[in-house]
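Coordinate analysis (summary)
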Amino acid sequence: MSFTQDPALFCNHHHPPHQSSPEVHHGIYFAYSDTQVNYSDLIVNRVLADANAQAECAAKRRRINIRLASDYAPKRRIQDLPLEILLQISQWVRPGDLLTLIRTTKRLRKILLDRKVAALVWEVSLTCNVQDPKLPGRPTFLSEVKYAELAFGRHCFKCGRDAPAADSVFWKFRARYCKICKFQEIIPNNQDKTPSEQRRFQSLMDVCPVVQGIARVRSSAPLTTAMTVHKPDIDHLERRLAGTSQDQRTRIMEEMKKQTEEIKQFALRLRRWDHDWRETRWEETDGARELKLKRIIKHLIALGYGIDILYLGPSQKKLSELQAVHKTERWNDATWEKIRHDVIEFMDNRKASRLDWERVKQMRERLAILERSLVKALDANDLYPVPHALDLVFYRKIRAVIESPSDVDVTNMAFDGMLPGILKHWQREVTVEMSACLLKTEGRHGSDGGDDSSRNPLKLAKSILKCACGAIRTWPDAASHSHEESGGVNDCIGPDRHAPDFDGTLDPIPRTAFETAVRGRYWPRKAWSSKCFHPCDAHVAGLFRACDLDPNTTTCAQMDRLDARFSCKLCSVPEKVKYLMPWRNALLHCVQDHLGSLPSTIKWTRATHAETAAAKRLERLRGSQTAGPLEDLQVANWHCRYCYAGRLGARYTMKDAIKHVQKHHRIQNAGDSDVVQDPDNSVLVDDSVVLISEKYRHKMNRTMQKMLDTRRACFFAFG
């Protein structure tokens, strides 16, 4: 039975019954039938529990009141302390910290720079708080504050610039200067002076500290090596010597010589101390950091971060820059547990980035397999136009293979089965896209009426296109055109820890793994799109009207059978000079030279039979004479089959590509099967010839003579 189930027990607990009550005994017992229960211990425990709870509540209230009181209590600042306490505290501060303290408030500066008040503070700080190594004793010619500033300060003595600008300390001159002030306060003895001034200056230098170093005669003059002197020392000596007698002058000069000897000995001791002090500080700071970094690396290797440590850069630079690691502290058993969370989080983030980049690298290797399979498929099927690998990677089947899990082995045969069907599908898509582009420009939408030429504008002879990058292409060469991005940088290359300039930078991948792999391999090339092309058929319509043909129905086959030559009226001079060219070159001429003109102003004339015969004769002579360069021009798009990635850049002739295979891949009997031609190879070449009137035979200029020498021009008797 519980404490609250019996009303009598509850009443007896709160209101104990009188001692004469028959129910109360030495031990409290209540009889229920044949059972007796002793409730003495239960009551005592309950009372003690209530008392403990009340005491805990009271303590909690006191803690809350104390915290609230501290929050609203006025803040005491260090400069508000009594002077005696402030000076007593300052004696335990290092000299470098005292220098920082005097730059905080005006009151502290006034107190600590008062020699009557704080001289003992500086003396104790310099002698007792700098023990390893011990600072040399303060010389008589330096005050306590000046000595502390010289040994531990970081500011220029003239302009007050902070470190690292004030990095030049001159111990003999008892000064520290920045890069600008040191050329103003330290002067050489070879300045331009009159003989009397030079003798006077030399006599002063004999009793002043001198340093052999580099100085400038003028601010714009080059550096020169000379004996230099401290300008404030010279000025101070001149002020002392002003208005003195010869005896006083001699005495002052002797005092200065003795002081100069003391300064030289003091500068030597202080220079040695500075060297020892910097080594000690290195052991306390950089040495401790280096030891700390080694211990952290040891823990990380034990946790399985061995590969990620290789990506930290030289001397684990990126890890040492972490705030928890860079903090100077001596290593002990608790140090690792204190910084473990920050270091592990940092390494986990880098590990995730490393795994992402390794995934990207694996996808790039699969893209290389796709490129090799594409070359084999094109050789086997003899297809044209030819796509680039970038145009195929976004097809669902190919992307599925490239994005397959890392443990799946993608062999050289992975793409062979699917490429023939995908190539045909790509050709159909490109044909439909380009046809829609041409029809949209003409305002037509592919009606069912008319002949096949009207329904398929790609077969029309007037179909010439200009890319946004400036390239001019006809169909089907436009489908294989390499279009380059304008601006931007390739941020998808990824880290290369073997590179000599690798500094440990390991950024996250900027896109998805697939997009990063594709952009990193093919940038700045863009995937093919008809949106990059602009039809120029309006500018070439006059070419077909010169033959009494309809440009909307004339096909390429009809123009080839015609085999006519055309002359541009804008470029030719009637009865004097005529530029004649085949119809394909005439198309190129319209777009290259007259695209900015109105289509109605571009007019052509068809050459007569005599003019056409003369032009063909020149073409044959020019072709036999310049077969080498023309052949190189037409086939300078060859690449190595084994390392071709379709990137934009330098293009080579077949001969140079074969030499590359022989040199870099060590295939001595390399031939046509070891090189591949870039499909973006325009057949449009400016191959016009010039007919010059017989009237100019004796009035030739240099340009005409050059065209005659190269068999590009000949004299012709215009009727």
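That block above? That's the structure.
Our subject in this report is the structure included herewith. Residue positions are given per chain, counting from 1 as you read along its sequence in written order. Per-residue local features are limited, in this predicted model, to residues with pLDDT of at least 70; the limit for side-chain atom pairs, both in listing and counting, is 80 or more; totals at the level of whole chains, interfaces and linings are taken over all residues. Remark: hydrogens and water are excluded; side-chain values derive from all non-hydrogen atoms of the structure.

A few words now on the overall build of the chain. A tally of helices and strands in the chain yields 28 helices and 19 strands. Relative accessible area decides the class of each residue, using a 1.4 Å probe on protein chains only: under 20% of the type maximum gives buried, over 50% gives exposed, and in between gives partly exposed. Within the chain, the fraction of its 719 residues that count as buried is 40%. Any two residues whose heavy atoms approach within 4.5 Å are treated as being in contact. Across the chain, every contact between residues at least 6 apart in sequence was considered, and the portion connecting residues at least 24 apart equals 65%. Runs of E in the DSSP output that reach at least two residues are strands. Runs of H or I that reach at least four are helices, and both are numbered from the N terminus.

Quick look at the pairing of strand β19 (residues 713-716) now. Burial of the side chains of β19 extends over both faces: A713 and F715 are buried on one face and C714 and F716 on the other. Two strands are counted as paired when DSSP detects at least two bridges linking them. Bridge analysis of strand β18 (residues 689-693) against β19 gives four bridges, and the strand direction is parallel. Across the sheet, I692 pairs through a bridge with F715, a residue of β19. One crossover worth recording links β18 to the parallel β19 by way of helix α28 (residues 702-709), and it is right-handed. Orienting the strands away from the viewer, one traces the path from the first strand over the helix to the second; a clockwise path indicates a right-handed crossover.

Glancing now at the nonpolar core. Core analysis: the biggest nonpolar cluster contains 46 residues, and L392, I398, I402 and F415 have the highest contact counts within it. In this view, L392 contacts L374, P387, I398, L419, I422, L423 and W426; residues no more than four positions away in its chain are not counted. For our purposes a nonpolar core is just a set of buried Ala, Val, Leu, Ile, Met, Phe, Trp, Tyr and Cys residues, chained together by side-chain atoms within 4.5 Å. In this structure, L86, Y147, W171 and F266 belong to the second largest nonpolar core, which totals 26 residues.

Overall, antiparallel pairing links the three strands, which are arranged β9-β8-β12 in an open sheet. In this open sheet, the two edge strands, each paired with only one partner strand, are β9 (472-474) and β12 (533-535). Going from strand to strand, the sheet's axes swing by 35 degrees on average, the running direction of each strand aside. Pairing analysis gives three bridges linking strand β8 (residues 464-467) to β12, with the strands arranged antiparallel. Note on β12: the bridge partner recorded for L465 is P535. Together, β8 and β9 form the strand contacts of helix α24 (residues 583-594), whose direction differs from that of β8 by roughly 35 degrees. Helix axes use the C-alpha atoms of the stretch in contact, all axes being lines fitted to C-alpha atoms, and the angles between their N-to-C directions lie in the range 0 to 180 degrees.

Should a side-chain nitrogen of Lys or Arg be within 4 Å of a carboxyl oxygen of Asp or Glu, the pair is scored as a salt bridge. Evaluation of the coordinates by the stated rule reveals 26 salt bridges. The salt bridge involving R138 is made with E123; its shortest N-O contact spans 3.6 Å. With R138 in the loop between α6 (115-128) and α7 (144-152) and E123 in helix α6, the pair connects residues that are 15 residues apart, well separated along the chain. Between E185 and K158 there is a salt bridge; the shortest N-O distance is 3.0 Å. Separated by 27 residues along the polypeptide, E185 in helix α8 (residues 182-185) and K158 in the loop between α7 and β3 (168-170) bring together distant segments of the chain. For E185, a relative accessible area of 12% gives the class buried. Among the charged side chains, a network of salt bridges with common partners joins R115, E123, R138 and E144.

Our next topic: helix α16 (residues 333-381). Expected helix span is computed as 1.5 Å times (number of residues minus one). Compared with the 72 Å implied by 1.5 Å per residue over 49 residues, the 70 Å span of α16 between its first and last C-alpha is a close match. Working definition for bend: take the seven residues up to and ending at a residue and the seven starting at it, fit an axis to each, and measure the angle between the axes. Of all the bends found along α16, the most pronounced is centred on R340 and spans about 50 degrees. Where α16 starts, the residue carrying a side-chain oxygen 3.0 Å from the main-chain nitrogen of A334 turns out to be N332. Trailing α16 by a residue or two, D382 shows a phi angle of about 50 degrees, which is positive. Whenever a nitrogen or oxygen atom comes within 3.5 Å of another N or O atom, the pair is scored as a polar contact, on the condition that within protein one atom can donate a hydrogen and the other can accept it, and that pairs from neighbouring residues in sequence are kept only if both atoms are in side chains.

Our next topic: the pairing of β8. Of the pairings in the sheet, the one linking β8 to β9 comprises three bridges and is antiparallel in character. Across the sheet, L465 pairs through a bridge with R473, a residue of β9. A loop of four residues connects β8 with β9, the two strands running antiparallel in sequence, and G470 in this loop sits at a positive phi of about 100 degrees.

Bringing unusual backbone geometry into the picture now. Cis geometry marks the peptide bond from W475 to P476, where omega comes out at 10 degrees. Position of P476 among the secondary structure elements: in the loop between β9 and β10 (483-484). Going from W523 to P524, the amide bond is cis rather than trans, its omega being 10 degrees. In this structure, S315 is a non-glycine residue whose phi angle is positive, near 55 degrees.

Here a pair means two rings of Phe, Tyr or Trp (six-membered ring of Trp) with centres within 6.5 Å. Their orientation is stacked below 30 degrees between planes, edge-to-face above 60, and tilted elsewhere. Enumeration according to the criterion identifies 10 aromatic pairs in this entry. Pairing F716 with F718 gives two aromatic rings, centres 5.2 Å apart and planes at 65 degrees, and the pair type is edge-to-face. Just as F716 is buried, F718 falls in that class too. What links up through ring pairs into an aromatic cluster is the set F141, Y147 and F266. K351 extends its terminal NZ or CZ atom over the ring of Y305, reaching a point 5.8 Å from the ring centre. The aromatic ring of F715 is capped on one face by R697, whose charged end is 4.3 Å from the ring centroid. Two conditions define a charge located above a ring, namely a distance within 6 Å from the ring centre to NZ of Lys or CZ of Arg, and an angle within 35 degrees of the ring normal.

Two elements in contact, α16 and helix α21 (residues 513-522), have axes whose closest approach is 9 Å; the angle formed by their N-to-C orientations is 60 degrees. Judged by the inter-axis angle, α16 sits oblique to α21. Crossing hand, α16 versus α21: right-handed. Within the contact between the two elements, α16 uses W357, R359, V360, M363, R364, L367, A368 and E371 and α21 uses A513, F514, T516, A517, V518, G520, R521 and Y522. Throughout this entry, Asp, Glu, Lys and Arg are counted as charged residues, while Ala, Val, Leu, Ile, Met, Phe, Trp, Tyr, Cys and Pro are counted as nonpolar. The remaining residues, Gly among them, count as polar. Split by residue class, the contact of α16 with α21 holds 10 nonpolar, two polar and four charged. For classification, angles of less than 35 degrees are called roughly parallel, those exceeding 145 degrees roughly antiparallel, those between 65 and 115 degrees roughly perpendicular, and all remaining angles oblique. Take the far helix as the reference: if the near one is turned anticlockwise from it by less than a right angle, the crossing is left-handed, and if turned clockwise, right-handed.

In this section: the sheet that holds β18. Strand order across the open sheet formed by five strands is β15-β13-β14-β18-β19, with mixed pairing between neighbours. For this open sheet the edge positions go to β15 (604-606) and β19, each flanked by a neighbour on one side alone. For this sheet, the mean angle separating the axes of adjacent strands, direction not counted, is 35 degrees. Across three bridges, strand β13 (residues 566-568) lies against β15 in antiparallel orientation. What sits directly across from F566, in β15, is R606. Along the sheet, α24 makes contact with β13, β14 (577-581) and β15, crossing β14 at roughly 115 degrees. Strand contacts of α28: β18 and β19, with the helix running at about 105 degrees to β19, the strand carrying the most contacts.

It is worth spelling out the side chain of K578 at this point. Here K578 shows up in strand β14. A polar contact is formed between the side chain of K578 and the side chain of E611, at a distance of 3.0 Å.

Attention shifts here to α6. If you check α6, its first and last C-alpha atoms are 19 Å apart, about what 14 residues at 1.5 Å a residue would give, namely 20 Å. Taken together, the buried positions of α6 are occupied by A118, V121, W122, S125 and L126. One side of α6 holds all its buried residues, which, seen down the axis, span an arc of 125 degrees. Facing away from the buried side of α6 by more than 90 degrees, the exposed set consists of K116 and L120. Its side-chain oxygen 3.2 Å from the backbone nitrogen of K116, D114 forms the N-cap of α6. Arc definition: directions from the helix axis to the C-beta atoms.

Moving on, we come to the packing of helix α12 (residues 286-302) against α16. Packing of α12 against α16 brings their axes to within 11 Å, and their N-to-C directions diverge by 65 degrees. The angle between the axes of α12 and α16 places the two elements in the roughly perpendicular class. The two elements α12 and α16 meet at a crossing, and its hand is right-handed. Contacts between α12 and α16 involve K292, I296, H299 and L300 from the former and T335, W336, I339, V343, I344 and M347 from the latter. Looking at the contact of α12 with α16 residue by residue, the class counts come to seven nonpolar, two polar and one charged.

Function-wise, these values are silent; they only describe arrangement.
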